[in-house]
Amino acid sequence: MSGHSSYEPKTGIERWLDTRLPIVRFGADLLDFPTPKNLNYWWTFGGILAMCLGIQIVTGIVLAMHYVPHVDYAFNSVERIMRDVNFGWLVRYMHANGASMFFIAVYIHMFRGLYYGSYKAPREILWILGCVIYLLMMATAFMGYVLPWGQMSFHGAVVITNLFGALPIVGESITTWLWGGFAVDNATLNRFFSLHFLLPFMIAGVVILHIWALHVPGNNNPTGVNVKSKEDTVPFHPYYTVKDGFAISLFLLMFATFVFFQPNALGDAVNYVPANPLVTPAHIVPEWYFLPFYAILRAVPDKLMGVLLMFGAIAMLFVLPWLDTSKVRSMRYRPTAKLYFGLFVLACLILGYCGGRLPDDPVIPGISTFQLLDADLNSMVWLSRVATAYYFGYFVVILPILGLTETPLPQPESISAPVLSHPANAPAGAAASPEKRG
Amino acid sequence: MLRKGLILAAFGLAFVAGPAFASAGPKEPRQASWSFEGPFGKFDQAQVQRGYKVYREVCAACHSMSLLSFRNLGQKSGPFYDDKYPNPNDNPYVKSIAKDYQVNDIDSETGDVVQRTATSADTFPSPFANEAAARASNGGALPPDLSVMIKARPQGAQYVYSILTGYQAPPAGLEVPPNQYYNPYMPGDVSAFYKGKGHVPVGGFIAMAPPLETDKVTFDDGTKSTVDQQAKDVVAFLAWASEPKQTERKQFGVAAMIYLLIFAGLLWVSYRRIWRNVAH
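Turning to the overall build of chain A, a few remarks are in order. When helices and strands are tallied, chain A shows 15 helices and 4 strands. Over its C-alpha atoms chain A spans a radius of gyration of 24 Å, differing by no more than 12% from the 22 Å that the globule rule assigns to 438 residues. Oriented by its inertia axes, the alpha-carbon framework of chain A measures out at about 70 × 65 × 45 Å. Within chain A, the fraction of its 438 residues that count as buried is 51%. For chain A, the share of sequence-separated contacts (at least 6 apart) that also reach a separation of at least 24 residues comes to 77%. On chain A, roughly 20000 Å² of surface is accessible, and the fraction owed to carbon and sulfur atoms is 70%.

Here it is as structure tokens:
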């Protein structure tokens, strides 16, 4: 890790250990890590996410002690957990709602990174590791949703695994290989359970790399300006342990509201109907956190192109550090970028909204405009297309060009500068240095 | 200003479209109020007992509840729970209810299938031996298992209550197929059977004949046995059966919320104190 260590072994045992396995030093350095003192509450979601992963792993291990991964018993074993296992309802509802909480937190964490330019040099690897975690999370959540073997579990699994069938030549073989047979069946359920158990530990591994990569350049901060001196930082503990702790307690209050009072609000009622391959539900809808990608998939009339675009939407994130040409990290000093970012968040929300509706549903009810190609202009599918175009346009057109053409606002000299002369008690711009670009 | 306006306008566009979904579907369920609603809601034990009687005397003729055992009836917040019998297997009501049923078993000496009296550990016996038998007796339709019914439908309690009380004569021009009944709360599409003028009626066909009638079930506590009362009571019973730990969950939840609020308050005070000398 970067920086010098301020740890002084005090006892004989500590000195003995320190020359052999400096694990106490390692922990002390983590707690002492110099952290910018101006981090706002958007920065607390890293800690919240670590807690979410912990909750999912602990509750998941307990669930696995009672769950039966077999098409004939899976549904009933989940209900048995809810009825006959002591506090099984609590463990299962925490796990099911915990997945949604995990995604709420990860989306906020990602939007924070996008807004404050946390993906820019020297944090590209840190960002990419985050994208890997996100991908693993999506795979884990998808397979976890299949395990209760309700109607939506089964038919969701059919739809998603069939996407790979769109690949030319190898598509069918890949699908058969994923299924472990010629249809979604017991073999599929078994392997999904096995992988659902494995992937969280892979996530935990990548999280360690993510934190390692964070501790080399240190935290970004809301100004985006590098740490210049000791004045700019505070030790992680107790300053950020207490701030993260406070944010975690608020997050847990929201979490608990769902678990105890609305445990099924985020799920689909149809998933309490046992899976029946012969009866397809009226609307197959993924969980809310996949809806934006589902909308992108359905926006494209060609199946293969839809699948490629859906995966492309995530691939964009991986190459983002090299798409954004601006040298200014924080959008606080990029007023035009701020506007486009706001529209990007809106596009993501619209995609999520469209993903939960039928493609032919009208956007404005009761009005039919005119047929444009394959659908009415006033339909979800066209709204998804507009939002999809903006989603990709933001990455491949707006961010590369904007960085070269915009005129950013002056950035502060250091992290401490705007703090010491807060706009509330200083004339505007007094602390700001002349414009710094490039 | 322009920026804010743009964003607001786009939000408006996205959310104005909300109610469109309801236009083609079944009628919105009737809204009854339930004692088990809300964060402090609890089951009304007398109502759940009446509901069990409705289930047993009416619904159970066709619908199974395979996830429930007789012992569940005597567990905490269940219809026959009694403080004196914390172990539901000791509860005399539970024992005597179980005794009314005969269940299949295997004779351990001969291996023959035999009948024996049910115990509190047995699950509710199903009315049909298998799916084919159930369909054969019900004009090809399969009466769904009711164990988790209230969780398995959107607005479950209101929906089941509406179906049970919502049967009505089919509108003029609607031809109801044999062994089917018209119900405006049932999801479906009746346009192929509609010969009348104007809009196609909302709702769909259901294979279940109207199951409830006035005085069909005699309530032991003297409650007037109307269709509406029977429907409400059986829905309360089914809501309990779908989530027998609901009351425990909510009570635990209130305590957890109070704990978390105090915890958050303490952390807030600590945060203010630790950061008091840092300009940030």
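A word on a nonpolar patch on the surface. Residues and elements named next belong to chain A. Together, Leu21, Ile23, Val24 and Phe26 give the surface a local cluster of nonpolar side chains, amounting to about 360 Å² of exposed area. Here phenylalanine 26 shows up in helix H2 (residues 23–32). Overall, phenylalanine 26 belongs to the partly exposed group, its relative accessible area being 45%.

Count 3.6 residues to each turn of an α-helix, and residues three or four apart come out pointing the same way. Taking 1.5 Å of rise per residue, 16 residues should cover 22 Å, and helix H6 (residues 227–242) of chain B covers 22 Å from first to last C-alpha, within 8% of that figure. Considered for burial, the residues of H6 of chain B that qualify are Gln230, Ala231, Asp233, Val234, Val235, Ala236, Phe237, Leu238, Ala239, Trp240, Ala241 and Ser242 of chain B. Each element contacted by the buried residues of H6 of chain B is listed here: helix H4 (74–83) of chain A together with helix H2 (45–57), helix H5 (156–165) and helix H7 (246–274) of chain B.

Let's shift gears to the environment of threonine 188 of chain A. All names here are of chain A. Here threonine 188 lies in helix H9 (residues 186–215). What makes threonine 188 buried here is its relative accessible area of 1%. In sequence terms threonine 188 and serine 100 are 88 residues apart; their C-alpha atoms lie 24 Å from each other. Setting aside residues up to four positions removed in sequence, threonine 188 forms contacts with Leu178, Trp179 and Ala183.

What follows covers empty space enclosed by the protein. All names here are of chain A. In total, this model carries 3 cavities of 30 Å³ or more according to the counting rule given. Computed from the structure, the largest cavity encloses a volume of approximately 910 Å³. Taken together, 42 residues make up the lining of the largest cavity; nearest its centre are His95, Ala96, Gly144, Tyr145 and His196. Of all the elements in the fold, those that place two or more residues in the lining of the largest cavity are helix H3 (45–66), H4, helix H5 (88–115), helix H6 (124–146) and H9. Here the element with the most residues in the lining of the largest cavity is H5; it accounts for 8 residues. Class assignment for the residues of the lining of the largest cavity results in 28 nonpolar, 10 polar and 4 charged.

The rules behind these values
- Residues numbered from 1 in each chain as written.
- Chains lettered and ligands numbered in written order.
- Predicted model: local features only at pLDDT ≥ 70, side-chain atom pairs only at ≥ 80, totals over all residues.
- Heavy atoms only, no water.
- Helix = DSSP H or I, 4+ residues; strand = E, 2+ residues; numbered from the N terminus.
- Rg over C-alpha atoms; globule rule 2.2 N^0.38 Å.
- Buried < 20%, exposed > 50% of the residue type's maximum accessible area, 1.4 Å probe, protein only.
- Contact = heavy atoms within 4.5 Å.
- Areas by Shrake-Rupley, 256 points an atom, 1.4 Å probe, with all protein chains shown as cover.
- Patch = residues over 30% accessible without salt bridge, like charges linked within 9 Å, V, L, I, M, F, W, Y side chains within 5 Å.
- Salt bridge = Lys/Arg side-chain N within 4 Å of Asp/Glu carboxyl O.
- Expected span 1.5 Å × (residues − 1).
- 1 Å grid on protein atoms, 1.4 Å probe; cavity = no way out; pocket = protein on both sides within 12 Å on 5 of 7 lines; lining within 4 Å.
- Points joined across faces, edges and corners; volume = space filled by probe spheres on them.
- Nonpolar A, V, L, I, M, F, W, Y, C, P; charged D, E, K, R; others polar.

Purely spatial values, then, with no claim about function.
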